[in-house]
Amino acid sequence: MSGHAGTDQVTVAAGEPGFDPDRQVQVPHLSFLPEGDGVVVGNAATDSYVVLPADGAELLRRLAEGMTPRAAAAWYADTYGEEVDLAELLTDLAELGLVTPPDAAGPADPRVPAPVRWQRLGRALFSPVALLAYVALVVAAVVVAVAQPDLRPHYRAIFFTDYLTVVTVVLAVGQWPLIALHEAAHALAGRRLGLRSRLTVGYRLQYLVFETVMDGLVTVPRRQRWVPMLAGIGTDLVVMALLTLAAATLRAPDGSLPLLARLCLALSFGALLRVAWQFFLYLRTDLYYLLTLVLGTVDLHGSASVLLRHRWRRLTGRPGLERQWAQLHPTDRRTARWYSWLMVGGYAATLATLVFAIVPAGIHFFAEAVAELDGRHGTGNLVDSAVVLVLSGAELIFVGVLALRTRRRARTAPA
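For clarity, every value in this text was computed on a predicted model and none was experimentally measured.

Cut-off values and rules
- Residues numbered from 1 in each chain as written.
- Predicted model: local features only at pLDDT ≥ 70, side-chain atom pairs only at ≥ 80, totals over all residues.
- Heavy atoms only, no water.
- Pairing = 2+ DSSP bridges.
- Helix = DSSP H or I, 4+ residues; strand = E, 2+ residues; numbered from the N terminus.
- Axes fitted to C-alpha atoms, helices over the stretch in contact; angles between N-to-C directions.
- Contact = heavy atoms within 4.5 Å.
- Buried < 20%, exposed > 50% of the residue type's maximum accessible area, 1.4 Å probe, protein only.
- Patch = residues over 30% accessible without salt bridge, like charges linked within 9 Å, V, L, I, M, F, W, Y side chains within 5 Å.
- Areas by Shrake-Rupley, 256 points an atom, 1.4 Å probe, with all protein chains shown as cover.
- Salt bridge = Lys/Arg side-chain N within 4 Å of Asp/Glu carboxyl O.
- pLDDT = per-residue confidence, 0-100.

### Topic: the sheet that holds strand β1 (residues 31–35)
Turning to step 1, where the next piece is worked out: Judged by pairing direction, the sheet is antiparallel, and its three strands sit side by side in the order β1-β2-β3 without closing on themselves. Bordering the open sheet on either side are β1 and β3 (48–53), each of which pairs with just one other strand. For this sheet, the mean angle separating the axes of adjacent strands, direction not counted, is 25 degrees.
Turning to step 2, where the next piece is worked out: Bridge count for β1 against strand β2 (residues 38–43) is five bridges, and the pairing is antiparallel. Among the inter-strand pairings, Glu35 is bridged to a residue of β2, identified as Gly38.

### Section: the environment of Val239
Turning to step 1, where the next piece is worked out: Considering the arrangement of structural elements, one finds Val239 in helix α7 (residues 226–250).
Turning to step 2, where the next piece is worked out: When the C-alpha atoms of Val239 and Val138 are compared, they prove to be 9.0 Å apart, with 101 residues separating the residues in sequence.
Turning to step 3, where the next piece is worked out: If we ignore the near neighbours within four places in the chain, the residues touching Val239 are Leu178 and Leu181.

### Concerning the pairing of β2
Turning to step 1, where the next piece is worked out: β2 sits mainly inside the fold: six of its six residues count as buried.
Turning to step 2, where the next piece is worked out: A two-sided burial pattern is seen for β2, the buried positions comprising Gly38, Val40 and Gly42 on one face and Val39, Val41 and Asn43 on the other.
Turning to step 3, where the next piece is worked out: Relative to β3, β2 runs antiparallel, the two being bridged by six bridges. Within β3, the position partnered with Val40 by the bridge is Val51.

### Digging into a nonpolar patch on the surface
Turning to step 1, where the next piece is worked out: A cluster of nonpolar side chains, namely Leu351, Leu354, Val355, Phe356, Ile358, Val359 and Ile363, defines an oily patch on the protein surface of about 670 Å² accessible area.
Turning to step 2, where the next piece is worked out: You can see Ile358 is positioned in helix α12 (residues 330–371).
Turning to step 3, where the next piece is worked out: Residue class for Ile358 comes out partly exposed when judged on its relative accessible area of 40%.

### Some thoughts on the environment of Phe366
Turning to step 1, where the next piece is worked out: With respect to the secondary-structure elements, Phe366 resides in helix α12.
Turning to step 2, where the next piece is worked out: Overall, the relative accessible area of 37% leaves Phe366 in the partly exposed class.
Turning to step 3, where the next piece is worked out: Each C-alpha atom of the pair Phe366 and Leu164 lies 9.3 Å from the other, and the pair is 202 residues apart in sequence.

### Details of the confidence of the model for the chain
Turning to step 1, where the next piece is worked out: Summary statistics for the chain give a mean pLDDT of 80 and a share of 80% for residues scoring 70 or more.
Turning to step 2, where the next piece is worked out: Ranking the elements of the chain by mean pLDDT puts helix α13 (residues 379–412) last, at 64, and helix α5 (residues 128–147) first, at 96.
Turning to step 3, where the next piece is worked out: Confidence drops under a pLDDT of 50 for residues 2–17, and excluding neighbours within four residues, the segment shows 27 contacts in the predicted structure.

### Considerations on the pattern of salt bridges
Turning to step 1, where the next piece is worked out: Evaluation of the coordinates by the stated rule reveals five salt bridges.
Turning to step 2, where the next piece is worked out: Of the charged contacts in the structure, one is a salt bridge between Asp150 and Arg251, with a shortest N-O distance of 2.8 Å. Here Asp150 is found in the loop between α5 and α6 (164–191), whereas its partner Arg251 is found in the loop between α7 and α8 (259–277), with 101 residues between them in sequence.
Turning to step 3, where the next piece is worked out: Assessed through its relative accessible area of 21%, Arg251 is described here as partly exposed.
Turning to step 4, where the next piece is worked out: Between Arg274 and Asp236 there is a salt bridge, with the nearest N and O atoms lying 3.4 Å from each other. Taken together, the residues span a long stretch of sequence, with Arg274 in helix α8 and Asp236 in helix α7 at a distance of 38 residues. Residue Arg274 shares its accessibility class with Asp236, and that shared class is buried.

In structure tokens form, the structure reads like this:
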């Protein structure tokens, strides 16, 4: 915040648009939250947030309380013994949406924003009583799965019917509402705190994805952030519990599992994969962001990546990355020394998931499809296998084309 300009620099040159140094600045309702060495300042109405030095945040508070720019600059000089170029600061804050530009239509609204929609629903779903009920459901499902081994998660549960086309389509479409439920839980847990979190739908490659935008979480005290961060994982566990209990309830008198029960177990296994994915910490999952919250790090992932590359280069006899390592935040350096091993564990978890779930399921899937091509089990099975193989091949080709196009664009893009 310091500078060599005097308080006269808050004046504006003739003919230039800007803030009048002797007129109060229109400031919307802002939130101030101390965070580390700075203060997170946010405008919830516009989802605008910025980390300011403590002295800068105090200066903004004075403007919000009604001080004119000239008076605020004089206060800053008296308090901190330094002068500030308030004209430049106000321009930057206006671009961030933290003060209202002088040419904006109408004054800033100083009132506290109205409660967000679905806030009551979020409070009900994440109340202490509700959380205890969720824990009870998960415990009940575990007890049932221990007593009935055929209800335990296994990759073979995916094949709930002999028709592989039905398996492919139903699991692909059936997982969408469950994935949306995962993200909606994040959004509702945020709205419970009054945040304007929202659920968005988009695409990654050929996949439909749901994402939660929850920028306002940075303005919430740290102890209140863990529920929005863990809401998705908790929802997946509750979904698994409900599907497992439903399958147990649907069991036939002779002990067999009807089609609907097998479908529940197939969807439950998909939820388990989503939970396992959260432990792939190198992907910056929900658990990663929870760790950064608890540990108070700045860029834990980047710091741990530098350390792993440094170790690998030293192990292979090449120069290390001492310079990059020394430039990292001290908290990140201290934490990365043990967190880097968790990243390695994340790679190991990925490999284990591939070896024990994804690859066996894929091999079983394609083996069954190829086996049905001889037509010995009827025309229906032959057509089913052919459709599945064509769809699978088309997907691989589509991904390959996209990868080649991306690589070609990267090569031809200007430096």
